[in-house]
Each structure stands twice: as structure tokens, then as C-alpha cells.
Amino acid sequence: MRAVQFSEYGPPGVVHVAEVEAPHAGPGTIRVAVRASGLSVGETLIRAGTLRDLVPVTFPYRTGFDAAGVVDEIGAGVTGVAIGDAVFGMTGMTSRAANADAAVLTAWAPKPAGWSWAEAGGAAGTVETGTRVLDRLKVGAGHTVLVQGAAGGVGAVAVQLATARGATVIGTAAERNHDVLRSLGATPTTYGPGLVERVRALAPQGVDAVFDCARGALPDLIAIAGDPARVVTIADFAAAAHGVHFSRSAPAGTAGDPLAVHGLEIAVGLAAQGRLRVPVAAAFPLTEAAAAHDLAERRHAPGKIVLMH
Ligand SMILES: NC(=O)c1ccc[n+]([C@@H]2O[C@H](COP(=O)([O-])OP(=O)(O)OC[C@H]3O[C@@H](n4cnc5c(N)ncnc54)[C@H](OP(=O)(O)O)[C@@H]3O)[C@@H](O)[C@H]2O)c1
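Cut-offs applied
- Residues numbered from 1 in each chain as written.
- Predicted model: local features only at pLDDT ≥ 70, side-chain atom pairs only at ≥ 80, totals over all residues.
- Heavy atoms only, no water.
- Pairing = 2+ DSSP bridges.
- Helix = DSSP H or I, 4+ residues; strand = E, 2+ residues; numbered from the N terminus.
- Domains from an automatic or database assignment.
- Contact = heavy atoms within 4.5 Å.
- Buried area = accessible area lost by both parts, 1.4 Å probe.
- Salt bridge = Lys/Arg side-chain N within 4 Å of Asp/Glu carboxyl O.
- Near = heavy atom within 4 Å.
- Polar contact = N/O pair within 3.5 Å; in protein donor to acceptor, adjacent residues only side chain to side chain.
- Areas by Shrake-Rupley, 256 points an atom, 1.4 Å probe, with all protein chains shown as cover.

**Q** Talk me through the sheet that holds strand β1 (residues 2-6); I want residue IDs and the actual numbers.
**A** On the basis of which strands lie adjacent, the open sheet formed by three strands has the order β2-β1-β4 and antiparallel pairing. The open sheet terminates on both sides in strands that have one partner only, identified here as β2 (16-19) and β4 (61-62). The sheet contact formed by β1 and β4 spans two bridges and is antiparallel. Bridging across to β4, Q5 finds its partner in R62.

**Q** Provide a residue-level description of the domain arrangement of the protein, including the pertinent values.
**A** By domain assignment, the protein separates into domain 1 (2-122 + 278-308) and domain 2 (127-250). Its C-alpha centre places domain 1 at a distance of 26 Å from the equivalent point of domain 2. Listed as interface residues are twelve residues of domain 1 and, on the opposing side, 15 residues of domain 2. Interface area, domain 1 with domain 2, both sides summed: about 1,100 Å², of which 65% is carbon and sulfur. The interface formed by domain 1 and domain 2 contains zero salt bridges.

**Q** Mind laying out the site of the ligand, listing which residues take part and the relevant values?
**A** In the neighbourhood of the ligand, 27 residues make up the surrounding shell, with G153, A174, Y191, S247 and H300 lying closest. In this structure, a nitrogen atom belonging to the ligand sits 2.8 Å away from a main-chain N or O atom of S247. Taking H300, its side chain carries an N or O atom lying 2.8 Å from an oxygen atom of the ligand. In the complex, 87% of the free accessible area of the ligand, which totals 920 Å², lies under the protein chains. Every element with two or more residues in the shell around the ligand is listed here: α1 (41-48), α3 (123-136) and α4 (153-164). When we break the shell around the ligand down by domain, the ones giving at least three residues each are domain 1 (2-122 + 278-308) and domain 2 (127-250).

Take a look at the structure:
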């Protein structure tokens, strides 16, 4: 089968498709014939070598954390799913390898009928991340939440998850993405100089929680929240220096926050009510994974980047 991998750190061009042995479902897991898979923006940092001290990898490194497809193998002990079911889900944190013709999933849910394969392929990671951070920030009905970088893959889903919890959401994005943010349920504003004043004007009652999906603005985000404990970032490695929590998912028993896999079922329920969509910025053929990395690195894709199989 085909799998996307890289065998050295470097620019997007080191990413290539290789012929590899297909994996098999083990206990508690399922295998899917992948129809679409997500490009994990974090993996562009791993590929560039930026995270080499934080995230050690062995080469060749097979990419991809989430996928959607048709179940074709079921591991021991798994119930509630059948061969031929359409599902979306995620791989193990360390096993990865979802950007491949077959992928082993450790968490999954039925693919919502209203989602295309492309949407479903990029859903699990953004839903898990959004749920994990909103849980940590204890976002609920009546709260006002700022999502920084709200038009990106994670941000666009986080806006909808927060709105579904009954929160009022302000989202930052370049002006060309403001109509999209409105359609997702957020009040848009631009990021950059003057952010604190703009948000105060939009939310004179104050902001209860800030979800940072970008980086480089923590002092402003803390001023908006009034307390670093009310800010969580998934992207700013300067978090600790500002007293802000950096959320990253981790397997049980290791450093990091527990995976919010319960978010997948929440997403299924919201999708069935037409209250959650996964904006797809671009869908590349699997063979063009390097071009997908190139687009992701530019940091202005309006939504999730996916690979089609
Ligand atoms: N720790 C974790 O668990 C975890 C999980 C998933 C992702 N991440 C990280 O979280 C970040 C976001 O992921 P993603 O998939 O949503 O990325 P993405 O889709 O690439 O996000 C791009 C968005 O960032 C916005 N942006 C660019 N520069 C900005 C700035 N200076 N200030 C505010 N917003 C800016 C862009 O908005 P405009 O186009 O409107 O300018 C664009 O919509 C990435 O760094 C990723 O590695 C971490």
C-alpha cells in the first residue's frame, strides 16, 4: 500500500509516498481503507526538525494522525462496529501513519452522513483538540470565549464546539475570513496590534476564556482574559514563560493532557443536527502530500488541509 513518509528533516520536498506493508488491526483497534486523511500541521514542524528536542522520531517517519474510511479489519475485543462501516477517527499518538491507503485507528465514531469524505478525514484531530482545550478552560453556557486563529483547521471547529456549549465566541482572522467566521457563529475581529482594545469593545462584560490556536500574542491574550490561567495555547512554545498552559495530547501516563476522545461522539451528535462542519481549505491527492505541507506552512489556509486516497 502507499504511505506518506519522510526519511530526513527538511523542506516540504522531503515528504514522499512509499510502498510499504499494510498494518493490521490489533486488540482494541480497527483498520480502515482510507478515503481521506488529515494533514497535521504539527507534523510540518516535526518534518522541518523544529521539534527535534521535544518530539524524537525514528526515520522513516510515517505521517498522519486522523483519517476517515471504510472498516476492513476489526481487532480482538472491539464491539459496536462492523466490516464495511464508514467511520472517522484517529491513530495512536505514537503510531500515527494515517496518511496511507490503510490505517489502524485507536478511536473512532460513525462518519456523519452530512459530511463529505474530505470533511470526515480532517475531523478527528481538530475535534479532539477543540474538545480538550474547551474542557480545560471549562467553557460553558453564558461564557464569552476568544479564539485566536479562528479560521484555521482547529479554530474553525473550536468556534462551533464553543457555540454549541452556549458560549458567545469572538474569533480572530484576516478580514477575508470574517464572513466564514460569522457563518460558524463567531463575531470576527482581526488579530495584531490593537487586539486588546478591539476585543474590549466587542465584549465590554469581559472574556472568560482564551483559546490560542496561533502564537506570538500571549501578553495581549492574557490582558484580555485578565489571568494567564484563563488562557490555553496549542501553538505557542513560550507558554510556560507567561504562566500559560500549553495543551498537547498525550497517551495515558505520559506528560500532556489526556486525549479528549469523547469529542468524537459529541461531534457526531452536532453534525446530525447540522451544527458542526469541518471547513476544508484544500484537498490534495495523496501523491501531492509535499504540496500540502507547503500550503500548511504558509499558515493562512482557511480550514483543514486533507489528503484524498
Ligand atoms: N498542541 C496540540 O494539541 C495541537 C493540535 C493541533 C494543532 N496544533 C497547532 O495549533 C496551530 C493551529 O493548528 P491549525 O491546524 O488550526 O493550523 P492552521 O489551519 O494552519 O491555522 C492557520 C490559521 O492561523 C491563522 N494565523 C496565521 N497567522 C496568525 C497570527 N499571527 N495570529 C493569529 N492567527 C494567525 C490564519 O488566519 P488567517 O488566514 O485568517 O490570517 C489561519 O486561519 C498549529 O501551530 C498547530 O501545529 C496543536
